Amino acid sequence: MTKPEKLMIDGKRLDGRGPNELRPIKFKAGVLKRADGSCYLEFGGNKVMAAVYGPREVHPRHLQNASRAIVRYRYNMAAFSVEERKRPGPDRRSIEISKVSREALESVVLEELYPRSAVDIFVEILQADAGTRVAGINAASVALADAGIPMRCLVSACSVGKIDGEVVLDLNKDEDNYGQADLPVAVNQFGEVTLCQMDGHLTEEEFGKALDMAVDGCKKLHEMQKQALVEKYGTMVAQPAEEE
Ligand code: CDP
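Each value, and the rule that gives it
- Residues numbered from 1 in each chain as written.
- Predicted model: local features only at pLDDT ≥ 70, side-chain atom pairs only at ≥ 80, totals over all residues.
- Heavy atoms only, no water.
- Core = buried A, V, L, I, M, F, W, Y, C linked by side-chain atoms within 4.5 Å.
- Buried < 20%, exposed > 50% of the residue type's maximum accessible area, 1.4 Å probe, protein only.
- Helix = DSSP H or I, 4+ residues; strand = E, 2+ residues; numbered from the N terminus.
- Contact = heavy atoms within 4.5 Å.
- Near = heavy atom within 4 Å.
- Polar contact = N/O pair within 3.5 Å; in protein donor to acceptor, adjacent residues only side chain to side chain.
- Areas by Shrake-Rupley, 256 points an atom, 1.4 Å probe, with all protein chains shown as cover.
- 1 Å grid on protein atoms, 1.4 Å probe; cavity = no way out; pocket = protein on both sides within 12 Å on 5 of 7 lines; lining within 4 Å.
- Sits in = over half its atoms within 2 Å of the grid points.
- Nonpolar A, V, L, I, M, F, W, Y, C, P; charged D, E, K, R; others polar.
- Axes fitted to C-alpha atoms, helices over the stretch in contact; angles between N-to-C directions.
- Parallel < 35°, antiparallel > 145°, perpendicular 65-115°, else oblique.
- Left-handed = near helix turned anticlockwise from the far one by under 90°.

A. Focus on the nonpolar core. By size, the foremost hydrophobic cluster in this structure holds 58 residues, and its most contacted members are Ile-121, Val-123 and Leu-144. For this core, the element with the highest residue contribution is helix H2 (residues 132-146), accounting for 8 residues. Once residues lying within four places of it in the same chain are set aside, the contact partners of Leu-144 are Val-52, Leu-105, Val-109, Val-119, Ile-121, Ile-149 and Met-151. The next biggest cluster of nonpolar side chains, apart from the first, holds 5 residues, and it includes Leu-7, Ile-163, Val-168 and Leu-171.

B. Region of interest: the side chain of Ser-98. Counting through the fold element by element, Ser-98 comes out in helix H1 (residues 92-106). The class for Ser-98 is buried, based on a relative accessible area of 11%. Discounting residues that sit within four places of it in the chain, Ser-98 has contacts with Tyr-73, Arg-74 and Tyr-75.

C. Quick look at the side chain of Ser-141. Within the secondary structure, Ser-141 sits in helix H2. A relative accessible area of 0% places Ser-141 in the buried class. Not counting residues up to four positions away in its chain, the partners in contact with Ser-141 are Leu-105, Met-151, Leu-154, Val-155 and Gln-225.

D. Focus on the site of the ligand. Neighbouring residues of the ligand: Met-77, Val-82, Arg-93, Ala-128, Asp-129, Ala-130, Gly-131, Thr-132, Arg-133, Lys-173, Asp-176 and Asp-182. Arg-93 is positioned such that a nitrogen or oxygen atom in its side chain is 2.7 Å from an oxygen atom of the ligand. Look at the ligand: alone it shows 520 Å² of surface, and the protein chains cover 76% of it. At a threshold of 2 Å from the grid points, most atoms of the ligand map onto the largest pocket. Elements supplying a minimum of two residues to the shell around the ligand: H2 and helix H3 (173-178). Residue classes in the shell around the ligand are distributed as 4 nonpolar, 2 polar and 6 charged.

E. Just the packing of H1 against H2, in detail. It is the contact of H1 with H2, at a shortest axis distance of 10 Å, that shows an interaxial angle of 45 degrees. One element, H1, and the other, H2, form an angle in the oblique class. Judged by the sense of rotation from one axis to the other, the crossing of H1 with H2 is right-handed. Between H1 and H2, the residues in contact are Arg-93, Glu-96, Ile-97, Ser-101, Ala-104 and Leu-105 and Thr-132, Arg-133, Ile-137, Ala-140, Ser-141 and Leu-144, respectively.

See the structure below:
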């Protein structure tokens, strides 16, 4: 899309949302048979799969920590996920996103319960439409819970930014491309911010507003994440035991 003249018209964004609205979001927990835990997430135009393995023995062994588990996170964008083919394999961007996403999640994993082991998180971006790192963190958090990894709580994430001088929640691709700022944020259930990055410029006042808006967005995501887990495990609990 070429640069639109305006990104907001009469208080509405070009996709019809108000400033405070998230895109349509759909979580599905436990979709992969061979992973210990998994989650598929559609977040606006983003399509994301997260798979979790562990706790399992660390290879290579010199990476083992004798007092706690280590958390590893690999963010990967499929070659077909973006408009211009993405060259397969890790690059600077995916290495950075893997690092900050791991840090956003590892504070809630009870690592001390599993010395010498690893919890491995794989996030595959199948279709990208801005906000893939926050989408990945939301899906990974549900996949960790689905894998039965002991955690203090879930982590939820969303981005907030500025378009046409206004602070808005959850930027889509055009807003990300042509807007003035983009701020991905992750928050855990205790209100601790575990990810906060920023592209572009915001005044101090706008930053405060943006952070409040992102925290509210994360609360909504948290409800959807819980719902996805209830949908899987709620039904399982309700099923009668099979007779011998
Ligand atoms: O995806 P996220 O917002 O976390 O990260 P970004 O680096 O700000 O990228 C914003 C968007 O640019 C991505 O979601 C993709 O839609 C797009 N992108 C792309 O088209 N090609 C790439 N190689 C990387 C990103």
